[in-house]
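Here are the chains, one letter per residue:
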Amino acid sequence: MATNSLVCVNDYEEQALSLLDKRVRDYYSCGADDGQTLSDNVADFRRLRLRPRMMVDVSNINMKTTLLGQEVAFPVCVAPTGIQKLAHPDGELATARASASLGTCMCLSTGSTVSLGELAENLPELLLWFQLYVCKDRDLTRQLVKQAERAGCKALVVTVDRPEQGTRRTSITNKFSLPLHLSFKNLDSLKSPLQSSQNNKYAVLHTMFDNTLTWEDIQWLTTITNLPVIAKGVLTGVDAVKALESGCKAIYVSNHGGRQLDGVCSTISVLSEVVKAVNGRAEVYLDGGVRTGTDVLKALALGARAVFVGRPPLYGLAVAGEEGARNVLTILRNELKLAMQLSGVTDVQSVSRDLVTYRASL
Ligand SMILES: Cc1cc2nc3c(=O)[nH]c(=O)nc-3n(C[C@H](O)[C@H](O)[C@H](O)COP(=O)(O)O)c2cc1C
Ligand SMILES: CCCCCCC(=O)C(=O)O
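These numbers were taken from a predicted model, which means no experiment stands behind them.

Rules of the game
Residues numbered from 1 in each chain as written. Chains lettered and ligands numbered in written order. Predicted model: local features only at pLDDT ≥ 70, side-chain atom pairs only at ≥ 80, totals over all residues. Buried ≥ 20, exposed ≤ 12 C-beta atoms within 10 Å, placed from the backbone. Helix = DSSP H or I, 4+ residues; strand = E, 2+ residues; numbered from the N terminus. Arc of directions from axis to C-beta. Core = buried A, V, L, I, M, F, W, Y, C linked by C-beta atoms within 7 Å. UniProt positions renumbered as here; feature names shortened; annotations may be inferred. Near = placed C-beta within 6 Å. Nonpolar A, V, L, I, M, F, W, Y, C, P; charged D, E, K, R; others polar. Right-handed = clockwise from strand over helix to strand, strands pointing away. Pairing = 2+ DSSP bridges. Axes fitted to C-alpha atoms, helices over the stretch in contact; angles between N-to-C directions. Parallel < 35°, antiparallel > 145°, perpendicular 65-115°, else oblique. Contact = placed C-beta atoms within 7 Å. Left-handed = near helix turned anticlockwise from the far one by under 90°.

**Student:** Lay out helix H2 (residues 22–29) with the relevant residues and their values.
**Tutor:** Among all positions of H2, only Val24, Tyr27 and Tyr28 are buried. Along the long axis of H2, the arc covered by the buried residues comes to 95 degrees, so they all point the same way.

Structure below.
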């Protein structure tokens, strides 16, 4: 469809929600339970206000940064989201093409509908990370890690906020399942309970994830791979320290887009606590509710090295495939650049804490 009239992420969201089939729309957009955290993620960015500096030469803006030593063109990356072929037949390949063309990082989900190998073959230039759900079957887990290594992934993002699946009410009422023409491509060639299940692969995959995980398992993971391990789903300073002690090389603040424990704090509201606890020992990333360039700038000011976006690229994908995903990322990049210029900030790597304050209640 024509995308000229879609000028911000919210336009893409509105358009995507109007186009998608109800079951997919609900699956992508839902939060857990009452959706308190889902809405707080967005709302709490709006409680922060910017304190721009004037009369700064902003003719040259540096948006490049590095993530664990790898360069990205701007600090907005693609969060892992499963089953992208529900949004568009090209699925994760389209999102990856969009990410690669803009020089940013994409994290592929364990539950992807395109394989690591297919991305690596088509897009060797892409900065690719792999999100791992640790499976009860450790041999299977090990094989997933090896696939990520073979695909040239530069980091393993271990999701730590899903000992069990949060309650997504619409997934229950819609009886959400994986359509028969799709499969979890990274698991297709591996021996697992998925191979003997035809109809309910979505539910079966959930049963394969391990709910006994502790930080000791993260330590174990660091012994089976040379890839840097990143803990995704950290919401407190205490857990950030535990993650570092377990060998994680970076901390990813996330509440799974409000899809796990409803009522947890928004990610932007806990970022400072985590950054303080990490105390410069590792990079800190954030996702959850990032919808504008000023949201990105606020997260950078509070100490994030980069942000990730989950639903926005899915909505871009649903509206116009690769082009739509690219447009969404481009909008965020351009909005960030303008927000920096209007704030008197010239480098994404040196955004000062002073740039943000809480909105005053008058
Ligand atoms: C449809 C959907 C699927 C997701 N799948 C995964 C996943 O497979 N693994 C994971 O760690 N997080 C997953 N997430 C969470 C995202 O990685 C991310 O934390 C969240 O979407 C960020 O919030 P945002 O959508 O407001 O940007 C998913 C989120 C959505 C909306
Ligand atoms: C059965 C696994 C599908 C991918 C997991 C998606 C996910 O984490 C979500 O929040 O949805």
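After that view of the structure, there is still more to cover.
**Student:** Give me the lowdown on the nonpolar core, citing residues and values where you can.
**Tutor:** Of all hydrophobic cores here, the largest spans 110 residues; its most connected members are Leu156, Val158, Ile251, Val253, Val274 and Val307. No other element matches helix H13 (residues 311–343), which puts 14 residues into this core.

**Student:** Explain the UniProt feature "domain: FMN hydroxy acid dehydrogenase" (unreviewed entry) in the protein chain to me, and be specific about the residues and the numbers.
**Tutor:** Annotation from UniProt places "domain: FMN hydroxy acid dehydrogenase" (unreviewed entry) at residues 1–361. Secondary structure within residues 1–361 divides into 41% helix and 13% strand; the distance between the first and last C-alpha atoms comes to 43 Å.

**Student:** I'd like a description of the site of ligand 1, backed by residues and values.
**Tutor:** Close to ligand 1 lie 24 residues; Ala79, Ser109, Gly257, Gly310 and Arg311 are nearest. A class-by-class count of the residues in the shell around ligand 1 yields 6 nonpolar, 14 polar and 4 charged.

**Student:** Account for the pairing of strand S6 (residues 127–132), naming residues and giving values.
**Tutor:** Here S6 lies mainly inside the structure; 6 of its 6 residues are buried. Where burial is concerned, the two faces of S6 agree: the one with Leu127, Trp129 and Gln131 and the one with Leu128, Phe130 and Leu132 are both buried. For the segment spanning strand S5 (residues 105–108), helix H5 (residues 116–122) and S6, crossover handedness is right-handed. Pairing of S6 with strand S7 (residues 156–159), which is carried by 3 bridges, proceeds in the parallel orientation. In the strand pairing of S7, Gln131 is matched with Val157. Following the chain from S6 across helix H6 (residues 138–150) to the adjacent parallel S7, one finds a crossover that is right-handed.

**Student:** Explain the packing of helix H1 (residues 9–19) against H13 to me, using residue names and the numbers behind them.
**Tutor:** Two elements in contact, H1 and H13, have axes separated by 10 Å at closest approach and are oriented at 175 degrees. The angle between H1 and H13 places the two elements in the roughly antiparallel class. Together, Val9, Tyr12, Glu13, Gln15, Ala16 and Leu19 of H1 and Pro312, Tyr315, Gly316, Ala318, Val319, Gly324, Val328, Ile331 and Leu332 of H13 make up the contact between the two elements. In terms of residue class, the contact of H1 with H13 is built from 11 nonpolar, 3 polar and 1 charged.

**Student:** Any details on the packing of helix H4 (residues 91–102) against H13? Residues and values, ideally.
**Tutor:** Where H4 contacts H13, the axes come no closer than 9 Å and their chain directions differ by 20 degrees. As the angle between them shows, H4 and H13 are arranged roughly parallel. As for how H4 packs across H13, the hand of that crossing is right-handed. When H4 is examined against H13, the residues Ala94, Thr95, Arg97, Ala98, Ser101 and Leu102 are found in contact with a partner set consisting of Pro313, Leu317, Gly321, Glu322, Ala325, Arg326, Leu329, Thr330 and Arg333.

**Student:** Can you break down the environment of Cys153 residue by residue, with the values?
**Tutor:** One can find Cys153 in the loop between H6 and S7. The exposure class assigned to Cys153 is buried, which follows from the 25 C-beta atoms found within 10 Å. Placed 96 residues apart in sequence, Cys153 and Asp57 show a C-alpha to C-alpha distance of 38 Å. Other than its neighbours up to four places away in sequence, Cys153 contacts Leu128, Trp129, Phe130, Ala148 and Leu227.

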